[in-house]
Amino acid sequence: MLAVPPELRAAVPPAKARFDDDDRAILAALGRATFGEGADALDLPDAVQTMVAWLDDERQGLVTLLPGLFDELTRVLVPTGARWLDLDPEAREAALVDWETSALAFRRQVLQGLRQLLLAAAYVNPATFAQLGYAGPWKGRIEVPVHPPRFGPAS
Amino acid sequence: MIVKGSEAKAPLEVKADVVVVGSGAGGALVAARLAQAGRTVALVEAGPHVTAAEMTQTEREMMPLLYHEAGLRQSEDGSIVVLHGRAVGGSTLVNYLDCFRTPDRLLWQWADTRALPEVLPERMAPRFARVEEVLHVQDTDESQLNTNNRKLKLGGERLGWKGATFRRNANLCYGSGFCDLGCAYNAKQSSAITWVPMATAAGATLYPETRIERVLTVGSRAVGVEGVLLGADRQPRGTARFMADLVVIAGGAVETPFLLLRSGVVDRSGQLGHNLWLHPATAVVGRFPGERVVMTDGIKQGWYISEFSWVLEEHPADVLLEGVAAPPGMSSIIYPGWGEARRAELAAVFNELAATGVLLRDHTPGRVEVGEGRPKVHYRLSDDDAARLRVGMARTAEAYLAAGASEAAAATFPGVRVRSVRDLRAFDDVPCGPGQLALFTFHQMGTARLGGRRDRDVCDPTGRLWAYDNLHVADSSLFPTASGVNPQLTVYGLAEMVAESLLARG
């Protein structure tokens, strides 16, 4: 689709911290609760893992703590007495609203951090473009010439 | 000549008259001016050199290639997303082309409060003129406005508010609408296709994919910089050292203080890294049912409302309302709600939405500190700043309602929606704390401010660090306060001033 030499694209750095299986299960469930139908087809845990690899090393470690923190703290801080992953869908949504409207800033920040990662991972995926009516890149669709740089190329 | 870090023979040892760290607006201009004057110049950039032909217009590919941390960098408390370029051209590669000369009111204030006669309007005007010629700055014709920007214009005009089209550094722009992912057509006159080729044509050598980690000093003199060559996967693959008679740091208001602080440079003002201004910005959308607004099409920023700006109109709210759009990955996170209901609604209305960025001139600064191999950005919206941001949100919603929107919504969590002017009171106490509002910064300023006193300012009026004979800053770090308008031309203008002083030193 894109006339770009593969070697010119950014190579994903090696991850300094990774989500474990529990984290991935939480991310998958949160992906469904955040994005909605079709989340599973987007493989959001994998997509988020790739995004996290772009962060500075120290921050990768912090971000990979978020799913477990969210899941476990739901048991402690939300009147459910259960991990978020163990709740039924209705109770999960109620717990999300509880996190979103919490008076504790760190709870809102944990939730929004996860939400931003999941939604960004979902909507940068071209598979979601059509449902928004987003046409995507011109390249490969509308061909116009590249202007020669007015001062020549850097060389 | 270009020597890529991923291909250079390690260890790399370079001697030059001048080493410039950072190839954005400030660094590229200084490199070009000094190279044209016959100096041997090494222009060093951590990010890659990406040409128009390599711009794919997709977020998934371009965000990692062109932005620090793939556009996911945040303040330490996660309350604001920090977007800045990391490629040859820096943020000029990914900005929306807006070109404001620094408003005279602000220049007078800077000259007065910081003892900076060199920034008086009559001194800056010829610098701006020279820069604008290189950048091909021109007015945006109203016929070029897309529907998104027309909605903001219509609403503002119906309410009698002042506004205008942006001046932009564009040449033969097609209006493809991917400015934030790098211009694939060389229409945007970024520093990567203006000052950088001017520099290399004059003999400068460009070193992309080379991350500088330390400024080398001996007593009151800087003697060079050192760092690492980066592979295509951004991992270090060898060391790099640049020895020079003159060192210019231009990594932007986050990376510049980070580099200087981790190098342990002397700063008797104690202000290095402080006074970080971010122009925190949030979005308000208006829905126009049955209309194809398609905010992602066309020139993204075409119209702004200046009515509530202090630097332009002396309004105390000190906010600028700018028509804007972002690709789906970025724009989707601001739409509130959860799950399938949210997804279905966003799919139904996405192309009916008009969007405006509410850009706040912040009065309470943050700071940059050194973390483990990374800069830490500490920033919290103060109560006063939040109050003025609410004014901006409410006025934008009002403009959309005046333009015929069925409803307007802010990027708050939970969401705030208004359907009539009476509802606008909802903005009076909308929560703006961490995790309650989508906040972004596209403009980082301050942290190594200019000024006439060594006990309170990091750099002297020529951009030189007070404690050193030959260590200079040439980027948005120099701003004494937030600019209140998109800062691109201000950076170029101050860099021109720095270059003049360096050339005058002989």
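Residue positions are counted from 1 within each chain, in the order its sequence is given. Each chain is given a letter, starting from A, and each ligand a number, starting from 1, according to the order in which they appear as written. Owing to the predicted nature of the model, reporting of local features is limited to residues with pLDDT of at least 70; listing and counting of side-chain atom pairs is limited to 80 or more, with chain, interface and lining totals taken over all residues. Excluding hydrogens and water, the side-chain figures rest on all heavy atoms present in the structure.

Asks: Sorry, what's going on with the packing of helix α1 (residues 21-35) of chain A against helix α4 (residues 66-77) of chain A here?
Replies: Packed helices, taken two at a time, are described by the angle their axes make and the gap between the axes. Residue and element names in this part refer to chain A. Interaxial distance between α1 and α4 falls to 9 Å at its minimum, and their mutual angle equals 75°. As far as their axial angle goes, α4 and α1 are roughly perpendicular. From α1, Asp-23, Ile-26, Leu-27 and Leu-30 reach across to α4, where they touch Pro-67, Gly-68, Phe-70 and Asp-71. Grouping the constituent residues of the contact of α1 with α4 by class yields five nonpolar, one polar and two charged. Axes here refer to lines fitted to C-alpha atoms; in helices the fit is confined to the stretch in contact. Angles between the N-to-C directions go from 0 to 180 degrees. Numbering goes from the N terminus for both helices and strands, where a helix is a DSSP run of H or I of at least four residues and a strand is a run of E of at least two. An angle counts as roughly parallel when it lies under 35 degrees, as roughly antiparallel when it exceeds 145, as roughly perpendicular when it falls between 65 and 115, and as oblique in every other case. Contact definition: two residues touch when any of their heavy atoms are within 4.5 Å. Classes in brief: Ala, Val, Leu, Ile, Met, Phe, Trp, Tyr, Cys and Pro nonpolar; Asp, Glu, Lys and Arg charged; the others, Gly included, polar.

Asks: Just to check I follow, could you spell out the confidence of the model for chain B for this structure?
Replies: Predicted coordinates in areas of low pLDDT are best not read in detail. Residues at a pLDDT of 70 or more form 100% of chain B, whose mean pLDDT is 97. The ipTM, which scores confidence in the relative placement of chains, is 0.92 for this predicted complex, and the corresponding pTM is 0.96. On a scale of 0 to 100, pLDDT captures the predictor's confidence in every residue.

Asks: How do you make sense of the pattern of salt bridges when you look at a structure like this?
Replies: Where side chains of opposite charge bring their charged atoms close, a pairing between them can arise. Residues and elements named next belong to chain B. The term salt bridge refers to a side-chain nitrogen of Lys or Arg lying within 4 Å of a carboxyl oxygen of Asp or Glu. Following the criterion strictly, the structure yields 45 salt bridges over all chains and no others. A salt bridge links Arg-73 to Glu-255, with the nearest nitrogen and oxygen atoms 2.7 Å apart. Of this pair, Arg-73 sits in the loop between α2 (59-66) and β3 (81-82) while Glu-255 sits in helix α7 (residues 252-262); the two residues are 182 residues apart in sequence, bridging distant segments of the chain. Like Arg-73, the residue Glu-255 is buried in the burial classification. Salt-bridge contacts for Arg-287 lead to Glu-352; the nearest nitrogen and oxygen are separated by 2.9 Å. Here Glu-352 lies in the loop between α10 (339-349) and β15 (353-360) and Arg-287 lies in strand β12 (residues 281-287), a separation of 65 residues in the sequence. Note on Arg-287: relative accessible area 25%, which makes it partly exposed. Here the salt bridges do not stand alone but share partners, grouping Arg-33, Glu-118, Arg-123, Arg-127, Arg-130, Glu-496 and Glu-500 into one network. Think of it in three bands: with a 1.4 Å probe and only protein chains considered, a residue is buried below 20% of the maximum accessible area for its type, exposed above 50%, and partly exposed in between.

Asks: Mind showing me how you'd approach the interface of chain A and chain B here?
Replies: The figure often quoted for interface size is the accessible area lost as the parts come together. Taken together, the contacts link 63 residues of chain A with 77 residues of chain B. Between chain A and chain B the total buried area reaches about 6,200 Å² when both faces are included, carbon and sulfur atoms providing 58% of it. When the area that chain A buries against chain B is broken down by residue, the three leading residues are A:Trp138, A:His147 and A:Arg150, summing to 11%. The tally of links from chain A across to chain B stands at three salt bridges. Linking A:Asp56 and B:Arg73 is a salt bridge whose minimum nitrogen-to-oxygen distance equals 3.2 Å. Between N or O atoms, a polar contact is any pair within 3.5 Å; within protein, one atom must be a potential hydrogen donor and the other a potential acceptor, and residues adjacent in sequence are included only when both atoms are from side chains. On the surface where chain A and chain B come into contact, there are 32 residue pairs in polar contact (both at pLDDT 80 or more). Elements with a minimum of two residues in the side of chain A that touches chain B: α1, α3 (57-63), α5 (89-100), α6 (105-123) and α7 (129-132) of chain A. Broken down by element, the residue count for the side of chain A that touches chain B peaks at eleven residues, all from α6(A). When two parts are brought into contact, each loses some accessible area as probed by a 1.4 Å sphere; the total of that loss over both is the buried area.

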